[in-house]
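Here is what each chain is made of, one letter per residue.
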Amino acid sequence: MAKDTLGQSEYLVLGLLARRARGAHGTALLDDLEEVSGRQWSVGALYTTLERLEGKGFVASAWGEPTQQRGGRRKRIFQVQAAGQRALERTREMMAAVDGAGGVRPVEA
Amino acid sequence: VSDEEKKAGIAWTVEGPILTTDYDQLIAAISAADPPVHDGLARRMKEEWAKVPTLSDGERRQALMFLEFAARTHEALQLMAELRTRPPEITAAELGEPAAAPPAPPTAGEALVGLFCKREMREAVLGDLDEKFAELAERRGPRIATAWYWSQAARSALFFAVRWGRRLLELETLLKRIL
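We now turn to the structure provided with this report. (Residues numbered from 1 in each chain as written. Chains lettered and ligands numbered in written order. Predicted model: local features only at pLDDT ≥ 70, side-chain atom pairs only at ≥ 80, totals over all residues. Heavy atoms only, no water.)

Structural notes on the pattern of salt bridges
Working step 1: Enumeration over the complete set of coordinates arrives at 13 salt bridges over all chains.
Working step 2: The shortest N-O distance in the salt bridge between B:Glu110 and A:Arg73 comes to 3.5 Å. With one member in each of two chains, B:Glu110 in helix α5 (residues 107-116) and A:Arg73 in strand β2 (residues 73-80) form a pair that bridges those chains. In this structure, B:Glu110 and A:Arg73 share a single accessibility class: buried.
Working step 3: Across the pair B:Glu120 and B:Lys118 runs a salt bridge, and its minimum N-O distance is 3.5 Å.
Working step 4: In this structure, a network of salt bridges that share partners links the residues A:Glu10, A:Arg52 and A:Lys56. (Salt bridge = Lys/Arg side-chain N within 4 Å of Asp/Glu carboxyl O. Helix = DSSP H or I, 4+ residues; strand = E, 2+ residues; numbered from the N terminus. Buried < 20%, exposed > 50% of the residue type's maximum accessible area, 1.4 Å probe, protein only.)

As structure tokens, this is what we get:
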């Protein structure tokens with residue numbers, strides 16, 4: 001897979017993160033993912049995807065303030081970077097190209 | 001006029017019902033009312049309602065006024081009866097006891113996630129789990145929140161463990177290449 005294209009879970013997480021201009025932390029993303037995909041994501045699945053995206057330079061993260069509700073732990077706020085936006089666009093273009101070609105059909109020999 | 005109706009502060013005349021205007025007396029009577037008063041009123045309402053089509057305009061107006069008031073009284077009696085049977089709600093503060101502490105996420109579940117999760121990720125992951133647990137415990141109760149936490153802990157630990165295993169394999173390959 002090319003470096004600037006995204007896998008399914010990466011596309012979902014990055015696309016949902018891009019909808020939030022100020023970025024988002026894990027709990028907010030879990031709610032969004034459940035709403036869009038119709039299934040409950042595990043925190044582990046989300047964070048391994050986010051870590052991969054951060055490694056590719058598509059997202060950046062910063063620590064927020066600790067809250068009592070979180071057992072005094074800080075939030076980690078993730079935000080989409082310019083490279084991430086480009087990767088999203090590239091993936092959308094690829095998907096549109098597939099749709100434009102008549103969708104997924106069995107190729108006749 | 002039955003004794004029960006008198007007790008409820010309701011008086012009747014030949015033309016139709018005249019209800020007491022002494023509301024304090026009526027409220028006191030309703031408060032002290034027993035189920036038979038309640039049932040008697042319902043029976044009388046049914047009888048009056050059956051008569052309505054045969055009444056003249058003036059009589060009908062009076063009968064309908066009675067029925068409206070009686071229906072409200074009936075509702076009030078039902079409510080009073082329900083309130084009397086409901087146990088009083090006494091808060092912990094009224095009893096002089098300290099308020100119950102909010103439910104805490106399962107410690108063993110936290111340990112399981114913490115064991116496989118990378119150190120730099122641990123604070124954010126456990127914080128997110130705590131936040132969602134608190135929200136669920138408030139909305140759907142501590143039992144459902146605990147079940148949710150365990151399902152998350154088991155699935156997340158598996159994800160982290162697989163990733164950890166892959167890293168070990170990568171490290172092994174790298175070491176083989178170097179050494």
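Topic: the packing of helix α2 (residues 26-37) of chain A against helix α3 (residues 43-55) of chain A
All names here are of chain A.
Working step 1: Remark: α2 packs on α3, axes separated minimally by 11 Å, with the N-to-C direction vectors making an angle of 110°. For the element pair α2 / α3, the angle class is roughly perpendicular. Contact residues: Gly 26, Leu 29, Leu 30 and Leu 33 in α2; Val 43, Leu 46, Tyr 47 and Leu 50 in α3. (Axes fitted to C-alpha atoms, helices over the stretch in contact; angles between N-to-C directions. Parallel < 35°, antiparallel > 145°, perpendicular 65-115°, else oblique. Contact = heavy atoms within 4.5 Å.)

Considering the interface of chain B and chain A
Working step 1: Taken residue by residue, the interface counts 24 residues in chain B and 21 residues in chain A.
Working step 2: Summing both partners gives a buried area of about 2200 Å² for chain B against chain A, and 50% of it is carried by carbon and sulfur.
Working step 3: For the chain B face of the interface with chain A, the top three residues by lost area are B:Glu123, B:Asp128 and B:Glu131, together amounting to 27%.
Working step 4: In this structure, the connection of chain B to chain A is made through seven salt bridges.
Working step 5: Residues A:Arg70 and B:Glu131 are paired through a salt bridge, measuring 2.7 Å at the closest nitrogen-oxygen approach.
Working step 6: The tally of links from chain B across to chain A stands at 17 residue pairs in polar contact (both at pLDDT 80 or more).
Working step 7: Among the elements that take part in the side of chain B that touches chain A, helix α6 (residues 119-140) of chain B stands out by supplying 14 residues, more than any other.
Working step 8: A breakdown of the residues in the side of chain B that touches chain A according to their chemical character gives nine nonpolar, three polar and twelve charged. (Buried area = accessible area lost by both parts, 1.4 Å probe. Polar contact = N/O pair within 3.5 Å; in protein donor to acceptor, adjacent residues only side chain to side chain. Nonpolar A, V, L, I, M, F, W, Y, C, P; charged D, E, K, R; others polar.)

Here we look at the nonpolar core
Working step 1: Of all hydrophobic cores here, the largest spans 38 residues; its most connected members are A:Leu14, A:Leu17, A:Tyr47, B:Val113, B:Val125 and B:Leu129.
Working step 2: Those elements that provide at least two residues to this core are α1 (8-18), α2, α3, β2 and α4 (82-100) of chain A together with α6 and α7 (142-178) of chain B.
Working step 3: With eight residues, the top contributor of residues to this core is α6(B).
Working step 4: Those residues in contact with A:Leu14, other than ones at most four positions away along the chain, are A:Leu6, A:Leu53, A:Phe58, A:Val59, A:Val80, A:Gly84 and A:Leu88. (Core = buried A, V, L, I, M, F, W, Y, C linked by side-chain atoms within 4.5 Å.)

Focus: the environment of B:Glu123
Working step 1: If you trace the backbone, B:Glu123 turns up in helix α6.
Working step 2: If near-sequence neighbours (up to four positions away) are discounted, B:Glu123 is found in contact with A:Trp63, A:Arg70, A:Arg73 and A:Arg74.
Working step 3: Only 2.8 Å separates the side chain of B:Glu123 from the backbone nitrogen of A:Arg74, close enough to count as a polar contact.

A look at the environment of B:Ser156
Working step 1: Summarising the element assignment, B:Ser156 is placed in helix α7.
Working step 2: Along the backbone, B:Ser156 and B:Val113 are 43 residues apart, and their C-alpha atoms lie at a distance of 6.7 Å.
Working step 3: Contact partners of B:Ser156, with chain neighbours within four places excluded, come to A:Ser42, A:Val43 and A:Gly44.
Working step 4: Of note is the side chain of B:Ser156, whose polar atom sits 3.5 Å from the backbone nitrogen of A:Val43.

Focus on the packing of α1(A) against α4(A)
Residues and elements named next belong to chain A.
Working step 1: Relative to each other, α1 and α4 sit at 120°, their axes nearing to 10 Å. Judged by the angle between their axes, α1 and α4 are oblique. Between α1 and α4 lies a crossing of left-handed hand. Residues Tyr 11, Leu 14, Gly 15 and Ala 18 of α1 pack against Gly 84, Gln 85, Leu 88, Thr 91, Arg 92 and Met 95 of α4.
Working step 2: Residue composition of the contact of α1 with α4, by class: five nonpolar, four polar and one charged. (Left-handed = near helix turned anticlockwise from the far one by under 90°.)

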